[in-house]
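Survey of secondary and tertiary structure
For reference, the chains in residue letters:
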Amino acid sequence: MMLSLRSLCVALFASMSLVSAADSVSFKELPENRLEILIGDQTLGILNHGSKWNKPFLFPLYAKNGKNVLRDIVPTKADQGSSKQGTDHFHHKGVWVSVDSVNDERLNFWHEDDRVVCDSVDHEVLENGAGQIVIKNRWLQGQQTLLSEVTTITIRPDRLLTYQIQLAAKLKDVTIHDTKEGFFAVRVAHTMRQMQGGHIENADGQSGEKQAWGKESVWVDYWGDVDEAICGVTLMDHPSNFRPSRYHVRAYGLFAISPFGPKKYSNGKQPEAPATILADGKPLTLTYGLYVHNGSTSDAGVVEKYKQFTAGAANAAK
């Protein structure tokens, strides 16, 4: 049975000790439809959700050491260039949610050929110093709403974020076909990426793009040097998701997790398995973790953070 969001949040934070106001999450509205997320007096990140963008995204995003773990530019189509310059893939904007190959038309929200429009952003401070943002989006086919999205981001003061993403079909059934381009994604800092000495590690002891790409694993960590400090980002899969996700993790800095590409990610060893969301039916709910940390995988305690991320489901089910 799918857990309620409130039960999941309560269980997730039940084991946390109370934190002082200096360590708690807060929010500040900024001009141009931006929402600043703070932990104490330090900026964690900024949610950009204005109409000038083809999707909302989080950028920048800071580790506790004050380093931005994301690529330090947000390129446009006009800026697109080589990976060496860091202006490649204009659609890789911070932290975002999108996918391509939607319906028979193969609508492409990943590459921003089709738009995700943000209708509202609400935020509140929870118990134990945590914070929560609720984002309501519409995925458009032309001018019509194909999917409604409600993404709830729960932010712990230790920089462990939970993204619960609900997609509901409106006009007609919506099928997401087999693709490697999606779904919950991060573009890591230029100097942190593997091609510049960074490290990719997963929960099963596999390392580097060649070993970790396309594999199922409960977490993958991407870490390296940013301005002479070591920091990283972990993506985590949740056991409540309808199937295990795989990772589109690349040496040039793209880092994404998705359940939608069994054939693509297995290089044809598994059959296609499209996912269909029924019109006016039950939403598709996907839950992922994002942990922003100082240090390497072991230094940051990623194994323990994953246990904390998944503990919410086990406690709420009791």
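Now for a look at the structure at hand. (Residues numbered from 1 in each chain as written. Predicted model: local features only at pLDDT ≥ 70, side-chain atom pairs only at ≥ 80, totals over all residues. Heavy atoms only, no water.)

On to the overall build of the protein. Check the secondary structure of the protein and you find 4 helices and 18 strands. Viewed in the frame of its principal axes, the protein has a C-alpha envelope of about 50 × 45 × 40 Å. Relative to its full complement of 318 residues, the protein shows a buried share of 58%. Of the contacts made within the protein by residues no fewer than 6 positions apart, 59% connect residues no fewer than 24 positions apart. One way to put it: in the protein the 34 positive side-chain charges average out to a point 3 Å from where the 36 negative ones average out. (Helix = DSSP H or I, 4+ residues; strand = E, 2+ residues; numbered from the N terminus. Buried < 20%, exposed > 50% of the residue type's maximum accessible area, 1.4 Å probe, protein only. Contact = heavy atoms within 4.5 Å. Lys, Arg positive; Asp, Glu negative; His and termini not counted. Charge placed at Lys NZ, Arg CZ, Asp CG, Glu CD.)

Take the layout of surface pockets next. Volume-wise, the second largest pocket comes out at about 170 Å³. Surrounding the second largest pocket, 11 residues form its lining, Phe242, Lys282, Pro283, Leu284 and Thr285 being those nearest its centre. Mapped onto the lining of the second largest pocket, the elements with two or more residues apiece are strand 17 (275-277) and strand 18 (284-294). For the lining of the second largest pocket, the element with the highest residue contribution is strand 17, accounting for 3 residues. Counted by class, the lining of the second largest pocket contains 6 nonpolar, 4 polar and 1 charged residues. (1 Å grid on protein atoms, 1.4 Å probe; cavity = no way out; pocket = protein on both sides within 12 Å on 5 of 7 lines; lining within 4 Å. Points joined across faces, edges and corners; volume = space filled by probe spheres on them. Nonpolar A, V, L, I, M, F, W, Y, C, P; charged D, E, K, R; others polar.)

Before going further, it helps to spend a moment on the packing of aromatic side chains. Scanning all chains against the criterion turns up 10 aromatic pairs. Ring centres of Tyr163 and Phe184 lie 4.5 Å apart, and the angle between their planes is 40 degrees; this geometry places the pair in the tilted category. Note that Tyr163 is positioned in strand 9 (residues 160-169) and Phe184 in strand 11 (residues 182-187), a separation of 21 residues in sequence. Tyr163 sits in the buried class, given a relative accessible area of 4%. A residue is classified by how much of its surface remains accessible, and Phe184, at 0% relative accessible area, is buried. The structure contains a cluster of three or more aromatic residues connected by ring pairs, namely Tyr163, Phe184 and Tyr288. (Phe/Tyr/Trp six-rings, centres within 6.5 Å; stacked < 30°, edge-to-face > 60°.)

As a further point, take the sheet that holds strand 9. Here 8 strands make up an open sheet; going across it, the order is 6-7-8-9-18-14-13-12 and the pairing antiparallel. The sheet is open, and its two borders are formed by strand 6 (116-125) and strand 12 (199-202), each paired with just one other strand. The mean inter-strand angle of the sheet, taken between neighbouring strand axes irrespective of direction, is 15 degrees. Judged from the 7 bridges that link them, strand 14 (residues 229-237) and strand 18 form a sheet pairing that is antiparallel. Looking at the pairing, Asp237 lines up with Tyr288 of strand 18. (Pairing = 2+ DSSP bridges. Axes fitted to C-alpha atoms, helices over the stretch in contact; angles between N-to-C directions.)

This part takes up the nonpolar core. Counting residues in each nonpolar core, the largest one holds 70 residues, and the members touching the most others are Ile133, Phe183, Phe184, Phe255 and Leu290. Beyond its immediate stretch of four places on either side in the chain, Phe255 contacts Phe184, Ala185, Val186, Val188, Val220, Tyr222, Val233, Thr234, Leu235, Tyr247, His248 and Val249. Core analysis: the second largest hydrophobic core is formed by 8 residues, Leu160, Tyr291, Val302 and Phe309 among them. (Core = buried A, V, L, I, M, F, W, Y, C linked by side-chain atoms within 4.5 Å.)

Applying the stated criterion across every chain, the model contains 11 salt bridges. With a shortest N-O distance of 3.1 Å, Glu112 and Lys55 are connected by a salt bridge. With Glu112 in the loop between strand 5 (95-99) and strand 6 and Lys55 in the loop between strand 3 (42-48) and strand 4 (57-61), this pair connects stretches of sequence that are 57 residues apart. For Glu112, a relative accessible area of 7% puts it in the buried group. (Salt bridge = Lys/Arg side-chain N within 4 Å of Asp/Glu carboxyl O.)

It is worth spelling out the environment of Gln308 at this point. Positionally, Gln308 belongs in helix 4 (residues 302-316). What makes Gln308 partly exposed here is its relative accessible area of 22%. Put simply, Gln308 and Met236 are 72 residues apart on the chain and 11 Å apart in space, counted from C-alpha to C-alpha.

Here the focus is empty space enclosed by the protein. Considering all chains together, one arrives at 3 cavities of 30 Å³ or more under this definition. Its boundaries defined by the atoms lining it, the largest cavity holds a volume of some 120 Å³. Lining the largest cavity are 15 residues, and of these Pro56, Trp96, Val97, Ile135 and Glu149 sit closest to its centre. Mapped onto the lining of the largest cavity, the elements with two or more residues apiece are strand 4, strand 5, strand 7 (131-141) and strand 8 (144-155). Grouping the constituent residues of the lining of the largest cavity by class yields 11 nonpolar, 2 polar and 2 charged.

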